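Here are the chains, one letter per residue:
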Amino acid sequence: MSQTSPDQILSVLKSQITDYDNKCEVEETGRIIQIGDGIVTIYGINHAMYGELVIFETGVKGIIQNLEAKTVSAVLLGSDYGLSEGSKVTRTKRMAGINVSDKMIGRVLNALGEPIDGLGDIEADDFYPIENEAPGVTARKSVNTPLQTGILAIDAMFPIGRGQRELIIGDRQTGKTSIAIDTIINQKDKDVICIYVAIGQKASTVAKIVSTLKKYNALSYSIIVSSPASDPAPLQYISPYSGTAVAEYFMHKGKDVLIVYDDLSKHATAYRAMSLLLQRPPGREAYPGDVFYLHSRLLERSSRLDDEHGGGSITALPIIETLAGDVSAYIPTNVISITDGQIFLESELFFSGIRPAVNVGLSVSRVGGAAQTKAMKKVSGSLRIDLAQFREMEVFTQFSSELDPSTKELLDYGNILVELLKQPLYRPLPLHEQVIILSAATQKVFMDVPVKKLKSFCSDMMGYFEIHYHDVIEEIDTKKVMTDELAAKIRQGACEFKKSLPNT
Ligand code: ATP
Ligand code: MG
């Protein structure tokens, strides 16, 4: 055994004194006193804030949800495996948040913003809290730029503007998700980042949506945030907030963002499960008393910022599932009153073949014409009234065989409009196509075309316009206004095309 010389001891002592770093870190820790169903009661961290992130000894995170006299309760954001009474909990002293990055585009994330598509980690650019205050009145600009869905029935009658919140509501299997996906597909080359938040859905449904977006080259500007039905309720609860945090990151960079919450009914259910486990008192339909605030604070974060704040926007398309068309249930009425309008989808229409099954009478866009191009506004002006008149007349004339010519014309015209508004999946229409078709329809060009052949007639007619009337298409796309000359030209083109056909 070698002897250590006094010099060596001295040098070690010296280096310890010079390198002494008196940085001391105080960690506030507590202990679990009860754990079960993803809810943890903790003793010892009574300075913890509401909404603060805490870390358990297994590395799993939690969010403080209840502050009580002697204890605090947190929800677990992961598995409770390895945790038991007495396990250590550490405060982070910061609100729950997620890492955000430009590289999230094209990826599939979980509710905590971590990639789950197996394509590798995402480097963080910034950290955003999942709960954030909505922009104030002075930071906002009015909604006046259209966000085209590519769905004729919606763009013509219930236009959506950038920064608007438009609810998609309907029973199960009425095409709610399809409308949102079509809208995302239609944002191609429009400089809009799309975020699809799947809450409490089957993992297979989410996988199908991802593959659809990939197929239509829409994944390159989209982000999927998925919290499937198998996720614990707290993760489902935070997923729309996480999605919005990502949206805010892009909005603050001046980008236009479209966010779809599919769907908020399941979100409310997850929140109800969590609240009941937290022993909060149940209210109407067993939802907790703050379920309105749950959605209002989420949807208020969608806005259009003024130029001083970067000019970005978040447009939200929340989805709500109703039971037997009952829009007066608790959650539907709440969300209807928060949003700037709703698109009401009806099973009856859906099964009778009118797809998208938009109920014209019950749907509305409170932003309306302000979010439409002038051209679209002009050609779609009378559409809702014409359809309403048609519906009324249709019921009225159901039993009479003898119809006077004006009534017959009204019915024929109505049938044509209904047929025109039908649209297959994944076939969003560009603005010029919508305007030309509606302009020709309102100028009664289609009156002698058999209704059954109308769809193929229209698509062939568009081909004819591409070749012979390209200037019309260009004018609509660039100037976006409808003049009398342009309308006359569309009529002329459509009539020419009709004459060129053998038997119409
Ligand atoms: P869920 O309640 O299960 O979420 P949903 O209301 O979101 O259903 P979708 O999944 O969008 O409805 O659509 C239900 C079915 O209807 C799908 O099989 C879809 O292919 C079909 N569908 C939706 N829209 C159209 C359309 N415009 N044309 C033809 N089929 C459609
Ligand atoms: Mg759906």
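Notes on the structure follow. Model, not experiment: these values are computed from the prediction.

What counts and how
Residues numbered from 1 in each chain as written. Chains lettered and ligands numbered in written order. Predicted model: local features only at pLDDT ≥ 70, side-chain atom pairs only at ≥ 80, totals over all residues. Heavy atoms only, no water. Core = buried A, V, L, I, M, F, W, Y, C linked by side-chain atoms within 4.5 Å. Buried < 20%, exposed > 50% of the residue type's maximum accessible area, 1.4 Å probe, protein only. Contact = heavy atoms within 4.5 Å. Phe/Tyr/Trp six-rings, centres within 6.5 Å; stacked < 30°, edge-to-face > 60°. Helix = DSSP H or I, 4+ residues; strand = E, 2+ residues; numbered from the N terminus. Pairing = 2+ DSSP bridges. Axes fitted to C-alpha atoms, helices over the stretch in contact; angles between N-to-C directions. Near = heavy atom within 4 Å. Polar contact = N/O pair within 3.5 Å; in protein donor to acceptor, adjacent residues only side chain to side chain. Areas by Shrake-Rupley, 256 points an atom, 1.4 Å probe, with all protein chains shown as cover. Nonpolar A, V, L, I, M, F, W, Y, C, P; charged D, E, K, R; others polar.

Looking now at the nonpolar core. Membership of the largest hydrophobic core comes to 81 residues, with the highest contact counts inside it found for Met 157, Ile 184, Leu 213, Ile 436, Phe 446 and Met 461. The contact partners of Met 461, leaving out residues within four places of it in the chain, are Ile 436, Ala 440, Phe 446, Ala 494 and Phe 497. Membership of the second largest hydrophobic core comes to 55 residues, among which are Ile 63, Ala 111, Ile 259 and Val 335.

Looking now at the packing of aromatic side chains. Under the definition given, this model contains 12 aromatic pairs. Both rings, one in Tyr 237 and one in Tyr 241, keep their centres 5.6 Å apart while their planes meet at 65°; by these two values the pair is edge-to-face. Taken as a pair, Tyr 237 and Tyr 241 lie in helix α5 (residues 233-252) at a separation of four residues, close to a single helical turn. Its relative accessible area of 2% is what places Tyr 237 among the buried residues. Judged by centre distance (5.8 Å) and plane angle (80°), the rings of Phe 350 and Phe 351 are edge-to-face. Judged by its relative accessible area of 62%, Phe 351 is exposed.

So, about the sheet that holds strand β2 (residues 39-43). In space, the six strands of this closed barrel follow the order β1-β2-β5-β4-β3-β6, with antiparallel pairing throughout. The mean inter-strand angle of the sheet, taken between neighbouring strand axes irrespective of direction, is 45°. The pairing of strand β1 (residues 29-36) with strand β6 (residues 88-95) spans three bridges and is classified as antiparallel. For Thr 29, the partnering residue across the bridge sits in β6 and is Thr 90.

Taken together, 13 residues form the shell around ligand 1, and within it Gln 173, Lys 176, Thr 177, Ser 178 and Gln 423 come nearest. In the environment of ligand 1, an oxygen atom lies 3.0 Å from a nitrogen or oxygen atom belonging to the backbone of Gly 175. With respect to ligand 1, the side chain of Thr 177 contributes an N or O atom lying 2.6 Å from an oxygen atom. Considered on its own, ligand 1 offers 630 Å² of accessible surface; in the complex 71% of this is hidden by protein. The leading source of residues in the shell around ligand 1 is helix α3 (residues 176-185), at three residues. Looking at side-chain class alone, the shell around ligand 1 contains three nonpolar, six polar and four charged residues.

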